[in-house]
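Now for the letters of each chain:
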Amino acid sequence: MRALTYHGSKDVRVDNVPDPSIQEPDDIILRVTATAICGSDLHLYRGKIPQVKHGDIFGHEFMGVVEETGSAVTAVSKGDRVVIPFVIACGSCFFCSLNLHAACETTNTGRGAILNKKQIPPSAALFGYSHLYGGVPGGQAEYVRVPKANVGPFKIPDGLDDEKVLFLSDILPTGYQAAFNAGITLGSNVVIFGAGPVGLMAAASARFLGADKIFMVDHHAYRLEFARSQYGVIPLNFDEVDDVAEAIIEQTNGFRGVDAAIDAVGFEAKGSSVETVLTTLKIETSSGHALRQCIASVRRGGIISVPGVYAGFLHGFLFGDAFDKGLTFKMGQTHVHALLPHLLEQIIADKLRPEIIISHRLPLNEAAEGYRIFNEKEDACRKVILRPGI
């Protein structure tokens, strides 16, 4: 089969690789009909994630048709059309029983990403996301093995195009969880840092949950304009605004700050020259710039929600400011399984339309070019989907 594989920093290729096969009784083999390039895939593409090996197959946003089932699979059948959560969860461990599927204790054979992990087991395995998270081949391929198939695949009703439901695999639940964790209700004011795919889904979810003012911070004008036109955000370009947090506070009642801040950027946030040096010297592994802006812009007693990926050490976290303001932090990988059914209902009811962010549609064979365009922000790129077999 054909699949997108890793060969070094910014070197990905569509190669011929062996077809996947059933390894466990509760596996299925999925024929992929649509897959996408995620913003977090760019961390892999740039060589920023440890334990990514040559030949690894990327891709954690995908869906398709069940081609083969293991002997213990009862939840789906051959021919079913399903979307797959990027988190691989067993459905029965301590954390899965709490609907914290991203913390599943049983699926990850890697060590996980925590530096000071002690004896704590790693979090759940992820599709196509390094050997820290199990080294499970991803879905930017013609076929993929899906473990735990009595828990993970979700059937899609007939009549819904792939594009409408593909993002249920990751970015829509991730954006929704970020907005929900931010405590957004009717009349809330919120700032979202990052107008990439997750930031856009967070904006869509914040609007759905009843937010009043939604500020969005980025420096790509085309993305900010899209968010303004589609979700009614108040755009702030940090290349043009000297102090983003100050500008936000000036537009809130009583100069209190926003009720919540969402950091949809993560560890590769554009920071200061000092942070660039610290990262080069391996003293710091994540840029704290976006988080500092979140802490500065949110009101006392507010919430900071972090869907953006972080790793390792941070410079200038300003924990004292967070303590003084009595802030709550909520963060982590997305518990897709718990959120997906509700979000599917909203798509069916036409209350959420995640597909509108798609800007580029390419055949799988052109996936390497899709990565390049997405990474370089060329051609007003917001989101790339790939179609195997085209």
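Along the protein chain, the regular secondary structure elements total 11 helices and 17 strands. The C-alpha radius of gyration computed for the protein chain amounts to 20 Å, which stays within 12% of the reference 21 Å derived for 390 residues, consistent with globular compactness. C-alpha extents for the protein chain along the principal axes are approximately 60 × 50 × 45 Å. Relative to its 390 residues, the protein chain shows a buried fraction of 55%. Pairs at least 24 residues apart make up 71% of the contacts formed inside the protein chain by residues separated by at least 6 positions. Accessible surface, the protein chain as shown: approximately 16300 Å² in total, 52% of it carbon and sulfur. Across the protein chain, the centroid of the 36 positively charged side chains sits 3 Å from that of the 43 negatively charged ones.

Next up on the list: the sheet that holds strand 13 (residues 258-263). Taking strand neighbours across the sheet as the criterion, the 6 strands line up as 12-11-10-13-14-15 in an open arrangement whose pairing is parallel. If you trace the sheet from one side to the other, it starts and ends with strand 12 (234-237) and strand 15 (328-331), each paired once. Strand-to-strand twist of the sheet, defined as the mean angle between neighbouring strand axes without regard to direction, takes the value 20°. Strand direction decides the pairing type here: strand 11 (residues 213-218) and strand 12, joined by 4 bridges, are parallel. Looking at the pairing, F215 lines up with I234 of strand 12. Seen against the sheet, helix 3 (residues 171-181) touches strand 13, strand 14 (298-306) and strand 15 and runs at an angle of roughly 160° to strand 14.

Taken together, the buried positions of helix 5 (residues 221-231) are occupied by R223, L224, F226, A227 and Y231. The buried residues of helix 5 occupy one face: seen down the axis, they fall within an arc of 160°. Elements in contact with the buried residues of helix 5: helix 4 (197-208), strand 11, strand 12 and helix 11 (367-376). Looking one or two residues past helix 5, G232 carries a phi angle of roughly 70°, positive in sign.

Attention shifts here to helix 10 (residues 336-348). With 13 residues, helix 10 extends 18 Å from end C-alpha to end C-alpha; this agrees with the ideal 18 Å at 1.5 Å per step. For helix 10, every residue scored as buried is listed here: V336, H337, L339, L340, L343, L344, Q346 and I347. Elements that come into contact with the buried residues of helix 10 comprise strand 5 (81-84), strand 6 (87-88), strand 9 (154-155), helix 2 (162-165), helix 3 and helix 4. Note on helix 10: the residue one or two positions beyond its end, D350, has a positive phi of about 65°.

Further remarks concern the side chain of R223. Along the chain, the position of R223 falls in helix 5. Despite its burial, R223 pairs with no opposite charge; the closest candidate is D218, at 5.0 Å N-O. There is a polar contact of 3.3 Å between the side chain of R223 and the side chain of Y222. Look past the residues within four positions of R223 in its chain and what remains in contact with it is A195, G196, F374, K377, C381 and R382.

Taken together, F94, L98 and L100 make up a surface patch of nonpolar side chains, about 280 Å² in accessible area. Tracing the sequence through the fold places L100 in the loop between strand 6 and strand 7 (125-126). L100 gets classed as partly exposed once you look at its relative accessible area, which sits at 31%.

Okay, the nonpolar core next. F167, L168, M216 and Y231 are the most contacted members of the largest nonpolar core, which has 84 residues in total. Those residues in contact with L168 that sit more than four places away from it in its chain are V83, P173, V336, L340, L343, L344 and I347.

As for its placement among the helices and strands, T33 is situated in strand 3 (residues 28-37). A distance of 2.8 Å separates the side chain of T33 from the side chain of D162, its partner in a polar contact. Dropping the residues within four chain positions of it, T33 is found in contact with M63, G64, V65, D162, R387 and P388.

Okay, the pattern of salt bridges next. Taken as a whole and assessed by the stated rule, the structure comprises 17 salt bridges. Put simply, E163 and R361 hold a salt bridge, and the shortest N to O gap is 2.7 Å. Of this pair, E163 sits in helix 2 while R361 sits in strand 16 (residues 360-363), placing them 198 residues apart in sequence. Given the relative accessible area of 48%, R361 is considered partly exposed. Through salt bridges with shared partners, a single network forms among R81, D161, D162, E163, R361 and R387.

With respect to the secondary-structure elements, A102 resides in the loop between strand 6 and strand 7. On a C-alpha basis, the gap between A102 and H335 in space is 5.2 Å, while along the polypeptide they are 233 residues apart.

Here the structure, examined in full by the defined rule, presents 8 aromatic pairs. Seen in terms of ring centroids, F94 and F95 are 5.0 Å apart; in terms of plane orientation they differ by 80°. Their pairing is edge-to-face. Arranged with centres 6.3 Å apart and planes meeting at 20°, the rings of Y176 and F180 form a pair that is stacked. One end of the pair is Y176 and the other is F180, both in helix 3 and 4 residues apart, which spans about a single turn. The ring of F226 carries the charged tip of R382 above its face, separated from the ring centre by 4.0 Å.

Among the secondary structure elements, T5 is positioned in strand 1 (residues 2-6). Note: C-alpha distance between T5 and D259 (254 residues apart in sequence) is 42 Å. When neighbours within four sequence positions are excluded, T5 is seen to be in contact with D11, V12, R13, D15, V17, G55, D56 and I57. One polar contact links T5 to H7, side chain to side chain, over a distance of 2.9 Å. A polar contact of 2.6 Å, which involves the side chain of T5, links it to the side chain of D15.

The rules behind the values
Residues numbered from 1 in each chain as written. Predicted model: local features only at pLDDT ≥ 70, side-chain atom pairs only at ≥ 80, totals over all residues. Heavy atoms only, no water. Helix = DSSP H or I, 4+ residues; strand = E, 2+ residues; numbered from the N terminus. Rg over C-alpha atoms; globule rule 2.2 N^0.38 Å. Buried < 20%, exposed > 50% of the residue type's maximum accessible area, 1.4 Å probe, protein only. Contact = heavy atoms within 4.5 Å. Areas by Shrake-Rupley, 256 points an atom, 1.4 Å probe, with all protein chains shown as cover. Lys, Arg positive; Asp, Glu negative; His and termini not counted. Charge placed at Lys NZ, Arg CZ, Asp CG, Glu CD. Pairing = 2+ DSSP bridges. Axes fitted to C-alpha atoms, helices over the stretch in contact; angles between N-to-C directions. Arc of directions from axis to C-beta. Expected span 1.5 Å × (residues − 1). Salt bridge = Lys/Arg side-chain N within 4 Å of Asp/Glu carboxyl O. Polar contact = N/O pair within 3.5 Å; in protein donor to acceptor, adjacent residues only side chain to side chain. Patch = residues over 30% accessible without salt bridge, like charges linked within 9 Å, V, L, I, M, F, W, Y side chains within 5 Å. Core = buried A, V, L, I, M, F, W, Y, C linked by side-chain atoms within 4.5 Å. Phe/Tyr/Trp six-rings, centres within 6.5 Å; stacked < 30°, edge-to-face > 60°. Lys NZ or Arg CZ within 6 Å of the ring centre and 35° of its normal.

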